[in-house]
Amino acid sequence: MEKRLRIDLIAAARPNFMKIAPLFHALREEPWCNLRLVHTGQHYDHNMSDTFFKDLNLPPPDLHLGVGSGSHAEQTARVMLAYAQACTGTRPDLIVVVGDVNSTLACALVGAKVCIPVAHLEAGLRSNDRTMPEEINRLATDTIADILWTPSPDADENLAREGVATAKITRVGNIMIDSYELMRDLIQASGMRRSLGLEGKDYGVVTLHRPSNVDVPVLLGKLVGQLVKISEKIPIIFPVHPRTRKNLERFDLWQQLTVAPGIQVIEPLGYVDFMNLVCGARLTVTDSGGVQEETTYLGIPCLTLRDTTERPITVTQGTNRLVTADNLLPAINDILAGHWPRGRKPGLWDGSTAARVVADITKRMKIPQPAVVQDDRNSNVSGKRMFSNI
Ligand code: UD1
Ligand code: UDP
């Protein structure tokens, strides 16, 4: 019987789906790979989860852990319990985690504890702000991962500074760009801009969901006030994240936002429709990690409402700038006056990251080319020893 490499691909929350999709499609083509798609259920609303499976042509997950929302401890613990059980049932040879959400760390911990090799895609990013839950997830995941796939030189430098062995690191580029390139035709064909009456017009796209922006009533109130002012200069489309919507309602800010004539408040969009909107935008205002990258790739001005970014290359090479609620309006004026750097695409942000990941797995796992592993003699060898570089 043919022995194939069992790989678990972990997805959990909105930003994960566009990171696993290109890899799923690439690995599915490989005869040596036995892929299991695992959804932890961290995000569960139709428009935060199922929509992305449809948009990105992903099949339903092989395993759905159904963990849902909760405190950091609850969520992380629930994923660990459920995923540990799944690994006992069918032990993968490699666990691939992406990004920096709680489920990323939880599944990496499960793998590390039972000596299943863990690979982290989007490794090495650092905001150097440990008040961000994602920064803790990044630091801890990268400390225990066996393979670190990085998107940019700054990530390699961060890992080197932290003492991660060079042999564990492969720079593969930015997987988000693979998703965009895979979906480019559908994104162009989406009628989203037209259906919102925006085709050929100037408009801004806003997304906000970081606790540091949306969990503090005074700050969220200030941001809403600024968005209303901006909307007097340029129409705004704001697909509202569920965390943000809850807080806008709880803090009595929903009405102020929705009555502003220049602001269209809408439900979170699927990937294809959202990117159709971004592609036609004059500017974006965001605190999203992914949007900073997408706008750099597309050359669209991006104002990031944060003090730090774990994606500094979007500022040094791209169109991204960090702003506060107080200097948001002057920055918008600069953009509208045409005073904004055009930026350039960072190296290896080219749509071929999934192929580089597959090549790296092939190399590290010593998979013969052409790639069918013929026998089952090593089936009791722990996955860890199957690696050449770890
Ligand atoms: C999570 C990630 C964050 C990522 C973001 C992407 C962590 C620590 N945070 O933040 O890094 O940038 O996803 O969107 O992993 N909710 C719903 N429906 C859903 C999902 C969430 O209503 O489908 C609501 C719940 O009230 C929940 C809240 O949103 O408590 C926050 O969800 P959670 O997954 O804990 O964090 P996010 O803010 O979504
Ligand atoms: N996105 C989407 N619909 C939306 C908002 C965002 O499809 O209404 C996509 C977009 O491609 C973005 C990605 O979701 O890059 C990342 O999601 P999010 O901002 O929630 O997470 P982060 O990147 O901040 O972790």
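Source: prediction; values computed, not measured.

A. Quick peek at the sheet that holds strand β5 (residues 118-121). Judged by pairing direction, the sheet is parallel, and its seven strands sit side by side in the order β3-β2-β1-β4-β5-β6-β7 without closing on themselves. Either end of the sheet is taken by a strand with one partner, and the two such strands are β3 (63-64) and β7 (169-171). The pairing of β5 with strand β6 (residues 147-150) spans three bridges and is classified as parallel. Paired with Ala119 across the strands is Ile147, a residue of β6. Most of the contacts of helix α17 (residues 353-364) go to β6, to which it runs at about 155 degrees, and overall it touches β1 (5-11), β4 (94-98), β5, β6 and β7.

B. Structural view of the packing of aromatic side chains. In the structure shown here, the tally under the stated rule is three aromatic pairs. Aromatic side chains Tyr180 and Tyr297 sit 5.9 Å apart centroid to centroid with 70 degrees between the ring planes, which places their arrangement in the edge-to-face category. Placement of Tyr180 in helix α7 (residues 175-189) and of Tyr297 in helix α14 (residues 289-298) is noted, with a sequence separation of 117 residues between them. Residue classification places Tyr180 among the buried positions, given a relative accessible area of 4%.

C. Inspection of the site of ligand 1 at higher detail. Close to ligand 1 lie 20 residues; His43, Glu134, His209, Arg243 and Lys246 are nearest. One of the side-chain N or O atoms of His209 is found 2.8 Å from an oxygen atom in ligand 1. Lys246 has a polar side-chain atom sitting 2.3 Å from an oxygen atom of ligand 1. Against a free-state accessible area of 740 Å², the protein chains account for coverage of 90% of ligand 1. In this structure the site holding ligand 1 corresponds to the largest pocket. Elements supplying a minimum of two residues to the shell around ligand 1: α3 (72-89), α5 (133-144) and α11 (242-250). A per-element tally of the shell around ligand 1 places α11 first, with three residues.

D. The arrangement of helix α16 (residues 328-336) in detail. Taken together, the buried positions of α16 are Leu328, Leu329, Ala331, Ile332 and Ile335. The buried residues of α16 all sit within an arc of 160 degrees when viewed along its axis, so they share a single face. In the core, the buried residues of α16 are packed alongside α10 (217-230), β11 (283-286) and β12 (302-304). Gly338 sits one or two residues past α16 and shows a positive phi near 85 degrees.

E. Region of interest: the site of ligand 2. Near ligand 2 there are 19 residues, and of these Arg210, Leu269, Ser288, Gly290 and Glu294 occur at the shortest range. Arg14 is positioned such that a nitrogen or oxygen atom in its side chain is 2.9 Å from an oxygen atom of ligand 2. In the model, an oxygen atom of ligand 2 is placed 3.3 Å from a nitrogen or oxygen of the His209 side chain. Contact with the protein chains hides 97% of the accessible area of ligand 2, taken as 530 Å² for the molecule alone. Taking a 2 Å distance to the grid points as the criterion, the majority of the atoms of ligand 2 fall inside the largest pocket. For the shell around ligand 2, the secondary structure elements donating two or more residues are α1 (14-28), α13 (271-279) and α14. It is α14 that provides the largest number of residues to the shell around ligand 2, a total of four residues. Taken together, the residues of the shell around ligand 2 sort by class into eleven nonpolar, five polar and three charged.

F. Representation of the sheet that holds strand β13 (residues 320-322) in the model. If you trace the six strands from one edge of the open sheet to the other, you get β10-β9-β8-β11-β12-β13, paired in parallel fashion. Strands with a single pairing partner mark the edges of an open sheet, and in this sheet they are β10 (263-266) and β13. Geometrically, the sheet is characterised by an average inter-axis angle of 20 degrees between neighbouring strands, direction not taken into account. Inspection of the sheet shows β12 paired to β13 by three bridges, in the parallel sense. Bridged to Cys302 within β13 is Asn320.

G. How the structure looks around the pattern of salt bridges. Per the stated rule, a full pass over the model turns up 24 salt bridges. For Asp142, the salt bridge identified is with Arg126, shortest N-O distance 2.9 Å. Of this pair, Asp142 sits in helix α5 while Arg126 sits in the loop between β5 and α5, and the two are 16 residues apart along the sequence. Here Arg126 falls in the buried class, since its relative accessible area comes to 4%. Put simply, Glu310 and Arg306 hold a salt bridge, and the shortest N to O gap is 2.6 Å. Take Glu310 and Arg306: they sit in the same class, and that class is buried.

Scoring rules and cut-offs
- Every residue gets a number counted from 1 within its own chain, in the order that chain's sequence is written.
- Following the order in which they are written, the chains are lettered starting with A and the ligands numbered starting with 1.
- With the structure being a predicted model, the display of local features is reserved for residues of pLDDT at least 70 and the display and counting of side-chain atom pairs for 80 or more, all residues being used for whole-chain, interface and lining totals.
- To obtain the side-chain values, all non-hydrogen atoms of the structure were used and water was disregarded.
- Strands are treated as partners if at least two bridges between them are detected by DSSP.
- Under the DSSP-based scheme used, a helix requires at least four consecutive residues in state H or I and a strand at least two consecutive residues in state E, with every element numbered from the N terminus.
- The contact definition used throughout considers only heavy atoms, calling two residues in contact when any of these lie within 4.5 Å.
- With axes taken as lines fitted to C-alpha atoms, and helix axes fitted only over the stretch in contact, angles between N-to-C directions fall between 0 and 180 degrees.
- By convention, a stacked pair of Phe, Tyr or Trp rings (six-membered ring in the case of Trp) has centres within 6.5 Å and planes under 30 degrees apart, an edge-to-face pair has planes over 60 apart, and any other such pair is tilted.
- Remark: exposure states derive from per-residue accessible area (1.4 Å probe, protein chains only) relative to the maximum for the residue type, with buried under 20%, exposed over 50%, and partly exposed in between.
- Proximity is defined per residue: if any heavy atom of the residue lies within 4 Å of a molecule or strand, that residue is considered near it.
- Any N or O atom pair separated by 3.5 Å or less is treated as a polar contact, with the protein-specific requirement of one donor-capable and one acceptor-capable atom, and with residues adjacent in sequence counted only for side-chain atom pairs.
- Only the protein chains shown count as cover for residues, and all accessible areas are computed by the Shrake-Rupley method using a 1.4 Å probe.
- A pocket here means an open set of points on a 1 Å grid, computed over the protein atoms alone, that has protein on both sides within 12 Å along at least five of seven lines. A cavity is instead a set of points where a 1.4 Å probe fits but cannot get out; residues with an atom within 4 Å of a point line either one.
- Whether a molecule sits in a cavity or pocket is decided by its atoms, more than half of which must lie within 2 Å of the grid points.
- Throughout, the arc means the angular range of directions from the helix axis out to the C-beta atoms.
- Note on residue categories: nonpolar means Ala, Val, Leu, Ile, Met, Phe, Trp, Tyr, Cys or Pro, charged means Asp, Glu, Lys or Arg, and polar means any other residue, Gly included.
- Salt bridges are defined as contacts in which a side-chain nitrogen from Lys or Arg sits within 4 Å of a carboxyl oxygen from Asp or Glu.

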